[in-house]
Amino acid sequence: MNLDDLAAFAAVAEARSFRGAAYRRGVAASSLSDAVRRLERELEVRLLHRTTRSVTPTDAGQRLLERLTPALREVHEALDAINTEGASPVGSLRLNVPTIVARVLLPPLLGPFLAAYPGIRLEVVADDSLIDVLAAGYDAGVRYDEHLEGDMITVPLGPASQRFAVAAAPAYLARHGVPQHPAELQGHSCIGHRFASGLVAPWSFERGSERVQIQPGQRLLASTLDLELQGALEGIGLICSFADYLAEPLEDGRLVEVLADWSTPFPGPRLYYADRRHLPAPLRAFVAFLRERHG
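From a predicted model like this one, the values you see are computed outputs, not experimental measurements.

**Some thoughts on the nonpolar core**
Inside soluble globular proteins, nonpolar side chains tend to come together where they are buried. In this structure, Val-101, Leu-157, Leu-271 and Phe-286 are the most contacted members of the largest nonpolar core, which totals 39 residues. Top contributing element to this core by residue count: helix 10 (residues 281-293), with 6 residues. Leu-157 has contacts with Val-101, Leu-105, Leu-106, Leu-109, Val-142, Pro-269, Arg-270, Leu-271, Phe-286, Leu-290 and His-294, leaving out every residue within four places of it along the chain. In terms of nonpolar packing, the next biggest core, distinct from the first, is built from 22 residues, Phe-9, Ala-21, Ala-22 and Leu-48 among them.

Set out below in structure tokens:
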């Protein structure tokens, strides 16, 4: 039986899409469809339910996928192992990262990393939902401490610490006044962020033993950082976001920070991946790259 056909089936079943699997593997969707049909003929069983809108494994397909996934991983790891220490790794690296990491922290890393490893193809998906990135077929993910599993290996990706900053345009503060305490934000226009899950992120503040939480979104609620920032720059209201993201408008005066003494630092993001005997060569190279940059 053709190992490539088995790998093609696993890719489609995991992606729940011929087109998505084809993109990840860098092949034509028709070639994956041919491979799955060929495999179903040889096994004399249907492995995938196909409709115009979705692709899902049958019961038999799901059982095969569960046994096949670790076996294929072993094969890939065995092939990756032949990349010696002195050789330049070749292959794909798929990362799932929060939007803020893709927007602010990853861009300065991409050029130096890809220049150092020309044989690596990097795919980055910005995603704020808390999915199981390893089960979804990614090589590694990036998350903050509160969302990291204890059995994962982690490596710092960005700064050791970050903080949230609350800011507004000077014109807004001139009209509505500068809040001196987080409780005063209830009388202000606060721009909210809605995650893909539907959750509207609350704004949390801490100073000494005092803790305050407010629910934003009275005038503008958005799911993209750039739209929230533009709203703040236009004087619609206050924004609460990563200080790294607001750094430029804060520096040039388009925004003014308020309640800075209520801004508590928290640990920066970390790359995480499963503890395996043999890491894929592209992931091993990225881990080494990050460790070198962070000393």
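Having seen it, we continue.
**Observations regarding the confidence of the model for the chain**
The pLDDT averaged across the chain works out to 87; a share of 92% of its residues lies at or above 70. Within the chain, the lowest mean pLDDT, 78, falls on helix 2 (residues 18-25), and the highest, 97, falls on strand 14 (residues 256-258).

**Notes on the sheet that holds strand 8 (residues 164-168)**
Across the sheet, 3 strands lie side by side as 13-8-14; this open sheet has antiparallel pairing. At either margin of the open sheet sits one strand with a lone partner, and together these are strand 13 (239-242) and strand 14. The average undirected angle you get between the axes of adjacent strands in this sheet is 50 degrees. Pairing between strand 8 and strand 14: 3 bridges, direction antiparallel.

**Things to note about unusual backbone geometry**
Negative phi values dominate among residues other than glycine, just as trans dominates among peptide bonds. If you check the backbone angles, Arg-16 has positive phi at about 55 degrees while not being a glycine. Structurally, Arg-16 can be placed in the loop between helix 1 (3-15) and helix 2. Residues other than glycine seldom take positive phi values, yet Leu-259 does so here, at roughly 55 degrees. Considering the arrangement of structural elements, one finds Leu-259 in the loop between strand 14 and strand 15 (266-267). Residue Leu-259 is classed as buried on the basis of its relative accessible area, which comes to 8%.

Criteria and thresholds
Residue numbers here run from 1 along each chain, matching the order of that chain's written sequence. Local features in this predicted model are restricted to residues whose pLDDT is 70 or higher, and side-chain atom pairs enter the listing and the counts only when it is 80 or higher, whereas totals over whole chains, interfaces and linings include all residues. Side-chain metrics rest on all non-hydrogen atoms present in the structure, leaving aside hydrogens and water. Throughout this description, the term nonpolar core refers to a set of buried Ala, Val, Leu, Ile, Met, Phe, Trp, Tyr and Cys residues connected via side-chain atoms within 4.5 Å. Per-residue accessibility, obtained with a 1.4 Å probe over protein chains only, is compared with the maximum for each type, and a residue is labelled buried under 20%, exposed over 50%, and partly exposed between these values. Each helix is a run of DSSP H or I of at least 4 residues and each strand a run of E of at least 2, with the numbering of both proceeding from the N terminus. Note on contacts: a residue pair qualifies if any of its non-hydrogen atoms lie within 4.5 Å across the two residues. A residue's pLDDT is the confidence the predictor assigns to it, expressed on a 0 to 100 scale. Strand pairing requires that DSSP identify at least two bridges connecting the strands. Each axis is a line fitted through C-alpha atoms, and for a helix only the stretch in contact is used; angles between axes span 0 to 180 degrees, taken between their N-to-C directions.

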